[in-house]
Amino acid sequence: MILQKYGWDEGWALLTVIGALSYIVESSEKARDDVALGVSGLAPTVLVYGIRAEEASGGKARFVAARGEILPDISPVALARNTPNERAALAFVKWLLSPEGQRALAELFYYLPYVKPEGTELEEVYDKVKDNIFNYDPEDATRWERAALYYFEAAIGDPDANTLLKKVWVKAVELHAKGVIGWDELRSVAMRLGSPLIITLEGRTAVFTKDYAVEINKRVAEDAAFRSAFMSAVKKAALERYNYVLGELEARG
C-alpha cells in the first residue's frame, strides 16, 4: 500500500525510515502486545488487534485510523459445494448479511461490517473510516509483492542491516538537531538510504525497480535457492550503502 500510494522510490524511502525508527518483531501479535504493554509506542495493526490492545492495556493503548490510508480486509462468505444442508446454510448466510448478523460480527469478533454497527463500540470506528479507504490495487501488487517482501526483509528487516541503518539515521538526526544539516538535507539522506538498491545477481547488475521486481517475482516466490541468493545480494548492497552514507555523515561532525 505504501509503495502504491507514495510511488516506488519515495515509498521505499519511507519504508526505510520507518525501519530505522522501528524494531522488527516476529509477528503482528507481538507488535500489538508490545504496544499494549507499553514496550513500544506505535505499531501497524488490523482493527481487531487494535481493539484487543485497547482492552488489554486498560485503555492506555488506542487504535487510530490513519487518514486516507485505511485498507479494508474483505472476508467473503460462501457455501461448500454439495453441502447436505443447503437450506440451513443459505439461511445462515442470509442472517449473517442482515443488520443483526453484521452487528454480531462487530460485537463478537470486532469485524467492521458492511453496514453501520449501531449500538456497538465499532460504530465510532465505522464513521471514521467509511470515507477513508485507500484505493489499493491488489492485482498490481500481486505482480511484485513477493519480491518486495524479501527485498524489505534483506535491506531493512535483517538484523545486521537494521542495526547499521539505525546507526546511520541516528547520526543524521543528531546532525540535524545540531543545525549541521537542514530539513531538506535530512530528507535527502532518507531518499539516499531508501533509494532502490543496485544489486548483482547471477552475473547481472540491476537496480531494484518495479519492473525488475515484476520480472523476478515468481522466481523469488517459488525458487528457494534463487530467493536466498537474491536476499544475500540485497543485504550486501544495503550494508555497502549504509556504511558509505554513515562515513559521509561522520565526516560532517
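All of the points below concern the structure found in this document. (Residues numbered from 1 in each chain as written. Predicted model: local features only at pLDDT ≥ 70, side-chain atom pairs only at ≥ 80, totals over all residues. Heavy atoms only, no water.)

Soluble globular proteins: nonpolar side chains tend toward being buried together. Grouped together as the largest cluster of nonpolar side chains are 46 residues, with contacts concentrated most on Trp12, Trp169, Phe208, Phe230 and Tyr242. Looking at this core, the elements that each hand over two or more residues are α2 (8–20), α9 (145–157), α10 (159–177), α11 (183–194), β1 (198–201), α12 (210–222) and α13 (224–251). Per-element accounting of this core gives the leading share, 10 residues, to α13. Apart from residues no more than four positions distant in its own chain, Trp12 is found in contact with Leu3, Gly7, Ala148, Tyr151, Phe152, Ile156, Gly194, Pro196 and Phe208. Among the nonpolar cores identified, the runner-up in size contains 11 residues, and Leu47, Ile70, Leu122 and Val129 belong to it. (Core = buried A, V, L, I, M, F, W, Y, C linked by side-chain atoms within 4.5 Å. Buried < 20%, exposed > 50% of the residue type's maximum accessible area, 1.4 Å probe, protein only. Helix = DSSP H or I, 4+ residues; strand = E, 2+ residues; numbered from the N terminus. Contact = heavy atoms within 4.5 Å.)

On to a nonpolar patch on the surface, then. Residues Tyr6, Leu14 and Ile18 make up a contiguous nonpolar surface patch of roughly 220 Å² in combined accessible area. The class of Leu14 is partly exposed, set by a relative accessible area of 32%. (Patch = residues over 30% accessible without salt bridge, like charges linked within 9 Å, V, L, I, M, F, W, Y side chains within 5 Å. Areas by Shrake-Rupley, 256 points an atom, 1.4 Å probe, with all protein chains shown as cover. Salt bridge = Lys/Arg side-chain N within 4 Å of Asp/Glu carboxyl O.)

Turning next to the pairing of β1. On β1, burial follows the alternation: Ile199 and Leu201 on one face are buried, whereas Ile198 and Thr200 on the facing-out side are not. The pairing of β1 with strand β2 (residues 204–207) spans 4 bridges and is antiparallel. The residue bridging Ile198 from the neighbouring strand is Val207, located in β2. Counting the residues that bridge the hairpin from β1 to β2 gives 2 residues, and of these Glu202 lies at a positive phi of roughly 55°. (Pairing = 2+ DSSP bridges.)

All right, on to helix α3 (residues 28–37) then. Looking at α3, one finds that the buried residues are Ala31, Arg32, Asp34, Val35 and Ala36. The secondary structure elements touched by the buried residues of α3 are α4 (47–56). A positive phi of about 85° marks Gly38, the residue just after α3.

Let's shift gears to the packing of α2 against α11. It is the contact of α2 with α11, at a shortest axis distance of 8 Å, that shows an interaxial angle of 100°. By the criterion of interaxial angle, the relationship of α2 to α11 is roughly perpendicular. Where α2 approaches α11, its residues Asp9, Glu10, Trp12, Ala13, Thr16 and Val17 are matched on the opposing element by Arg187, Ala190, Met191, Leu193 and Gly194. (Axes fitted to C-alpha atoms, helices over the stretch in contact; angles between N-to-C directions. Parallel < 35°, antiparallel > 145°, perpendicular 65-115°, else oblique.)

Now for the packing of aromatic side chains. Evaluated as defined, the whole model comprises 10 aromatic pairs. Plain terms: the ring middles of Trp8 and Trp144 are 5.4 Å apart, the flat faces sit at 90° to each other, and that makes the pair edge-to-face. Placement of Trp8 in helix α2 and of Trp144 in the loop between α8 (138–141) and α9 is noted, with a sequence separation of 136 residues between them. The residues Trp8 and Trp144 share a single accessibility class, namely buried. Seen from their ring centres, Trp8 and Phe208 are 5.7 Å apart, and the 40° between their planes marks the pair as tilted. Here Phe208 lies in the loop between β2 and α12 and Trp8 lies in helix α2, a separation of 200 residues in the sequence. (Phe/Tyr/Trp six-rings, centres within 6.5 Å; stacked < 30°, edge-to-face > 60°.)

Any two side chains of opposite charge can pair, so long as their charged atoms come close to each other. Following the criterion strictly, the structure yields 17 salt bridges and no others. Among the ionic pairs, Lys30 bridges to Asp34, the shortest N-O distance being 3.2 Å. You can see Lys30 and its partner Asp34 sitting in helix α3, 4 residues apart, about one turn around the helix. On the basis of relative accessibility, which here comes to 3%, the residue Asp34 falls in the buried class. We note a salt bridge from Lys116 to Asp127, for which the minimum N-O separation is 3.1 Å. Of this pair, Lys116 sits in the loop between α6 (99–109) and α7 (123–129) while Asp127 sits in helix α7, and the two are 11 residues apart along the sequence.

A word on the environment of Glu54. Along the chain, Glu54 falls in helix α4. Placed 146 residues apart in sequence, Glu54 and Thr200 show a C-alpha to C-alpha distance of 46 Å.

The next thing to look at is α10. Over its 19 residues, α10 extends 27 Å from the first C-alpha to the last, a length consistent with the 27 Å expected when each residue adds 1.5 Å. Within α10 the residues assigned to the buried category are Ala161, Asn162, Leu164, Leu165, Val168, Trp169, Lys171, Ala172 and Leu175. Check the buried side of α10 and you find it contacts α2, α9, α11 and α13. Once α10 ends, the next one or two residues include Gly179, with phi positive near 85°. (Expected span 1.5 Å × (residues − 1).)

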